[in-house]
Amino acid sequence: YWIRDGEIIEAPIPSIADKDFRAVCFTEDHRLFLGTTDNEVLIYDMTADTPSLVHSLSLAGIEGINAFYTVDNTEIFVCSDTGVAVLQNDLTYKNLNTNHFTSSIDHMLIDYQGNLWFSSSRLGLFEMCGSPFLELFPEIGKASVVNTTEKWQGLLFCGTDDGLIILDENT
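### Describing the environment of W117
Here W117 shows up in strand β12 (residues 116-120). In this structure W117 comes out as partly exposed when scored by relative accessible area, which is 29%. If we skip the residues at most four places from it in the chain, W117 touches H107, M108, L109, D111, F126 and E127.

Quick look at the structure:
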């Protein structure tokens, strides 16, 4: 049944009776996101008298969608049995790397410090938080193991497996 303001309304066409849903999310811009038991997200415009399907997305690597979590109406996290995806407003998405925490992710929240918390009925809780440290080598396009460092005269000397790399501390 499709209900608006306590009244049953006409179901959208084409019919979605053959789909099984686990998750639903309404956004501030009057869109309805439906997550299927497989990897599909159906997006409906709810401004007209009859809901209309505006987009259907298949999320690679995401199976069994369990929940949606919206962030400032700019992103929607999609929690699933096989991982988490982040859906942007332009309907592009990317899978979030949660390492080995990829089974039966049921819910998530963002705490007051901006940390991401995920719950799994199989694995418990998982927290993702930003690091106060910056990895310098990916920033400069290098990939090397650093064995020793020394600051001298505004420069950072890095002894690596590939030789000496000298970085300017300011830039």
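### Regarding the packing of aromatic side chains
Taken as a whole and judged by the stated rule, the model has 4 aromatic pairs. Their ring planes at 20 degrees and their centres at 4.9 Å tell us that F101 and F126 sit as a pair that is stacked. Within this pair, whereas F101 is found in the loop between β10 (93-96) and β11 (105-110), its partner F126 is found in strand β13 (residues 124-128), the two being separated by 25 residues in sequence. Among the aromatic residues, those joined into a cluster by ring pairs are F101, F118 and F126.

### Some details on the sheet that holds strand β16 (residues 163-168)
Taken in spatial order, the 3 strands line up as β14-β15-β16 in an open sheet, and their pairing is antiparallel. Looking along the sheet, the strands with just one partner apiece sit at the ends: β14 (146-152) and β16. The sheet shows a mean angle of 20 degrees between the axes of neighbouring strands, direction not considered. Two elements, strand β15 (residues 155-160) and β16, share 6 bridges in a ladder whose sense is antiparallel.

Rules used throughout
- Residues numbered from 1 in each chain as written.
- Predicted model: local features only at pLDDT ≥ 70, side-chain atom pairs only at ≥ 80, totals over all residues.
- Heavy atoms only, no water.
- Helix = DSSP H or I, 4+ residues; strand = E, 2+ residues; numbered from the N terminus.
- Buried < 20%, exposed > 50% of the residue type's maximum accessible area, 1.4 Å probe, protein only.
- Contact = heavy atoms within 4.5 Å.
- Phe/Tyr/Trp six-rings, centres within 6.5 Å; stacked < 30°, edge-to-face > 60°.
- Pairing = 2+ DSSP bridges.
- Axes fitted to C-alpha atoms, helices over the stretch in contact; angles between N-to-C directions.

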